[in-house]
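Observations on chain architecture
As a plain string of letters, each chain reads:
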Amino acid sequence: MMADGIEDEEKWLAAGIAGLQQNAFYMHRSLDSNNLRDALKYSAQMLSELRTSKLSPHKYYELYMRAFDELRKLEMFFREETRRGCSIIDLYELVQHAGNILPRLYLLCTVGSVYIKSKEAPAKDVLKDLVEMCRGIQHPVRGLFLRSYLSQVSRDKLPDIGSEYEGDADTVMDAVEFVLQNFTEMNKLWVRMQHQGPARDKEKREKERSELRDLVGKNLHVLSQIEGVDLDLYKETVLPRVLEQVVNCKDEIAQFYLMDCIIQVFPDEYHLQTLEVLLGACPQLQPSVDIKTVLSRLMERLSNYAASSADVLPEFLQVEAFSKLNNAIGKVIEAQVDMPIFGAVTLYSSLLTFTLHVHPDRLDYADQVLGACIKKLSGKGKLEDNKATKQIVALLSAPLEKYNDVVTALKLSNYPRVMEYLDVETNKIMATVIIQSIMKNNTRISTADNVEALFELLTGLIKDLDGAHEEVDEDDFKEEQNSVARLIQMLHNDDPEEMYKIICTVRKQIMTGGPKRLPFTVPPLVFSSLKLVRRLQGQEENPFGDESSTTPKKIFQLLNQLVEALSTVPAPELALRLYLQCAEAANDSELEPVAYEFFTQAYILYEEEVSDSRAQVTALHLIIGTLQRMHVFGVENKDTLTHKATGYSAKLLKKPDQCRAVYGCAHLFWVDDQDNMKDGERVLICLKRALRIANAAQQMSNATRGSTGSVTLFVEILNKYLYFFEKGNPQINIAAIQSLIELITTEMQSESSTPDSAADAFFSSTLRYVQFQKQKGGAIGEKYEPIKV
């Protein structure tokens, strides 16, 4: 059926265009031969094609535009005729003899345009006559296009201030009156379209009407362009008349479109000065009108106006714009009982943006808006509506974007209360937005109270919220927790007391986060605490015996509890690393018992929790490296810890790992800058033991593979011999080094050995180093001279 209808319409349009073109042809022929009567006859017949009711507005527009083009040519002919002495008044009378009213009125408007231009009668009289005459067409589509034509031909001939058609008296009112009257009649015709035809075609009619809305809206644009329409005239006449028409038409499509038109076409200054009148019309509109969009656009325009120049801000204060908008929104929400939550939140979001632009210093206004939003949300529970939650994110993001400072947003008491209405996922999104704002603006959050308030806002990222049982994407989770970790690193205060309070506050918050989050959140807090310890180094312990003052010892107690929490996760390898970091800090703070305790904890973890052989190797090298840097330990403690480390080395699963760990332990007995830590004997014992293990590894390789294994371990041990030889260890002599070089050379030349280019390169590089040291001369050269390479 639809296809048939469209085909029929195409036929009717084609027939209409053909009829129009044929009559236009004869009209042109008559014009060329200056036959006025025939020209009028054919032009009337041509315009009769516009009397059709069979075309949709879209198709009718095509036909109208062709007629319009022909009428422009006819108008030029009329103008030429008047120049030749033809009486325009006679012409005006003559065209009124056309048989049908629609062609007659189109011709009348065309001649009327020339009549005004000739100035033989005041513009206001001709315009008044034309606008009244057009009442003769009451068919909605035909009437709209006719009046649109009238508007088109008259827009440059209005008796406006400074216009050549101004006249003697104050005729601006006549210009305004003409446009208002045309607008009113056009709107009535436009609204009437809605009520013609069967109810089942309602959607089709709405679509057709929306295609024609610009014809009506152009009148308001013309009004805004009239020079004589100043603020007073706008306030006294234009706005009340337009709003009266908007409210009285009681049509949802017209009301929404025209309110939007008013906001878009008239200057911002006018809106500001007539805010009360404009807002007063809002609650009177039909309940189905999308008033939230209208008001949002109004507030957006006013916000941009406020941002355009600081000079206009006093105007906003003078007219009390905030309170007027706030009251209007309250009334609209009350009047429209069925307004969805999304609509109400959108309004408050726009109002907040407006407030932040116009009154950035009035935090109480911003808080008032958030409070009003909470009032609307109360009793609704968590919001499930995706549109509404997006608007709340926009609402909460606005203060962050404006102030570029989370601390300012934290002063808004209603801010966290709004966040409570977000579902789990959106809560996380909002928390991420807050953290990004802090990062971007490098915001300094430096008091424990602010930190606590901030972490309340970030609850969605810091702990599992009620109802958050769905599967979380692993990568997303890592990203979220890494952002929390970065945030923890940024919290800082120069005052140690306050910094300690901040650390305690963060600890209290992250401990509620559950085992999955702790490996992300504990390390940054540990390092923040260690930073504080290093700041306190060298300060005397409690000089006044004040219990509450912050001391390294106090911080280390907290650190112990923090890292211990990781062992329950379990994350033993991470906990072990952090214990070693804490031990090093305790060493720098000259706190031997504390450092010993941290090492003990690290050893317990190593023994009980670290079972993977690779992890054991990594952990053991970390232990050896940290222990080697310790200077705070007495002989007994040092021996105990060193003995343990060497014991662990011998128990590693793979021989090469054992070998490397054992020669690594040699460094524990020879520390350059500590004379009491130079035990050459024990260094040699470690290196010899490493050599034995390397030998055993070589034999095992021989037994299992049927060929000699790599000599890399021997070359590594040779390098350690050279290191300690150079450092002056008396136990490392030339003979030992020489025999090791010969051993490696023999092994490499053995027929059964497996070729290993990396080991060859390593050995060659080591020999080159010896050669280089020999060539240096001086004490070093003498030392290396006896070694044959």
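What counts and how
Residues numbered from 1 in each chain as written. Predicted model: local features only at pLDDT ≥ 70, side-chain atom pairs only at ≥ 80, totals over all residues. Heavy atoms only, no water. Core = buried A, V, L, I, M, F, W, Y, C linked by side-chain atoms within 4.5 Å. Buried < 20%, exposed > 50% of the residue type's maximum accessible area, 1.4 Å probe, protein only. Helix = DSSP H or I, 4+ residues; strand = E, 2+ residues; numbered from the N terminus. Contact = heavy atoms within 4.5 Å. Axes fitted to C-alpha atoms, helices over the stretch in contact; angles between N-to-C directions. Parallel < 35°, antiparallel > 145°, perpendicular 65-115°, else oblique. Nonpolar A, V, L, I, M, F, W, Y, C, P; charged D, E, K, R; others polar. Phe/Tyr/Trp six-rings, centres within 6.5 Å; stacked < 30°, edge-to-face > 60°. Salt bridge = Lys/Arg side-chain N within 4 Å of Asp/Glu carboxyl O.

1. Overview of the nonpolar core
- Ile 262 and Ile 434 are the most contacted members of the largest nonpolar core, which has 272 residues in total.
- The dominant element in this core, judged by the number of residues it contributes, is helix H8 (residues 172-193), at 12 residues.
- Those residues in contact with Ile 434 that lie beyond four places of it in its chain are Leu 400, Val 406, Tyr 415, Met 419, Leu 454, Leu 457 and Leu 458.

2. Notes on unusual backbone geometry
- Although it is not a glycine, Asn 34 adopts a positive phi angle of roughly 55°.
- Among the residues examined, Asn 34 registers a relative accessible area of 44% and is labelled partly exposed.
- Residue Asn 404 is not a glycine yet carries a positive backbone phi of 50°.
- Examined against the element boundaries, Asn 404 turns out to sit in the loop between helix H19 (386-403) and helix H20 (406-410).
- The exposure class assigned to Asn 404 is partly exposed, which follows from its relative accessible area of 37%.

3. Digging into the environment of Val 406
- Examined against the element boundaries, Val 406 turns out to sit in helix H20.
- Taking the relative accessible area as the measure of exposure, Val 406 reaches 1% and is therefore buried.
- Sequence separation between Val 406 and Ser 437 is 31 residues, and the spatial gap between their C-alpha atoms is 7.3 Å.
- With near-sequence residues (within four places) excluded, Val 406 lies in contact with Leu 400, Ile 434, Ser 437, Ile 438, Thr 443 and Leu 454.

4. A short note on the environment of Asp 475
- With respect to the helices, strands and loops of the structure, Asp 475 is situated in helix H25 (residues 474-490).
- Along the primary structure Asp 475 and Leu 396 are separated by 79 residues, whereas in three dimensions their C-alpha atoms are 26 Å apart.

5. What to know about the environment of Ile 116
- By secondary structure assignment, the location of Ile 116 is in helix H5 (residues 101-118).
- Given the relative accessible area of 2%, Ile 116 is considered buried.
- When the C-alpha atoms of Ile 116 and Val 126 are compared, they prove to be 6.8 Å apart, with 10 residues separating the residues in sequence.
- Discounting chain neighbours no more than four positions away, the residues touching Ile 116 are Ala 123, Val 126, Leu 127, Lys 157 and Tyr 165.

6. Points about the side chain of Ser 43
- Here Ser 43 is to be found in helix H2 (residues 36-48).
- The residues contacting Ser 43, other than those within four sequence positions of it, are Met 27, Leu 74 and Leu 107.

7. Comments concerning the packing of helix H16 (residues 321-335) against helix H18 (residues 363-377)
- Across the interface, H16 lies against H18 with an axial gap of 12 Å and an inter-helix angle of 5°. In terms of their interaxial angle, H16 and H18 are classed as roughly parallel. For the pair formed by H16 and H18, the contact residues are Phe 322, Asn 326 and Ile 333 on the first element and Tyr 365, Gln 368, Val 369 and Lys 376 on the second.
- Among the residues forming the contact of H16 with H18, the class breakdown is four nonpolar, two polar and one charged.

8. Some words on the packing of H16 against helix H17 (residues 341-358)
- Taken N-terminus to C-terminus, the directions of H16 and H17 make an angle of 180°; their axes are 11 Å apart at the nearest point. On the basis of the axis angle, H16 is roughly antiparallel to H17. For the pair H16 and H17, the contacting residues are Ala 321, Phe 322, Leu 325, Asn 326, Ile 329 and Ile 333 in the first and Ala 344, Leu 347, Tyr 348, Leu 351, Phe 354 and Thr 355 in the second.
- When its residues are assigned to classes, the contact of H16 with H17 shows 10 nonpolar, two polar and no charged.

9. Observations concerning the packing of aromatic side chains
- One pass over the full model with this rule turns up 28 aromatic pairs.
- Consider the rings of Tyr 92 and Tyr 115, whose centres lie 5.0 Å apart with planes at 55°: the pair is tilted. Placement of Tyr 92 in helix H4 (residues 88-94) and of Tyr 115 in helix H5 is noted, with a sequence separation of 23 residues between them. Assigned by exposure class, Tyr 92 and Tyr 115 land together as buried.
- Seen from their ring centres, Tyr 234 and Tyr 270 are 5.1 Å apart, and the 35° between their planes marks the pair as tilted. Here Tyr 270 lies in helix H12 (residues 268-273) and Tyr 234 lies in helix H10 (residues 231-249), a separation of 36 residues in the sequence.

10. Quick notes on the pattern of salt bridges
- Here the structure, examined in full by the defined rule, presents 29 salt bridges.
- For Glu 211, the salt bridge is made with Lys 207, and the minimal N-O distance between the two is 3.3 Å. In this pair, Glu 211 and Lys 207 are both assigned in helix H9 (residues 202-225), four residues apart and thus about one turn of the helix distant.
- For Lys 207, a relative accessible area of 53% corresponds to the exposed category.
- Among the ionic pairs, Arg 209 bridges to Asp 251, the shortest N-O distance being 2.8 Å. Residue Arg 209 is found in helix H9, and its partner Asp 251 is found in the loop between H10 and helix H11 (252-265); the two are separated by 42 residues along the sequence.
- By relative accessible area, which is 0% here, Arg 209 ends up buried.

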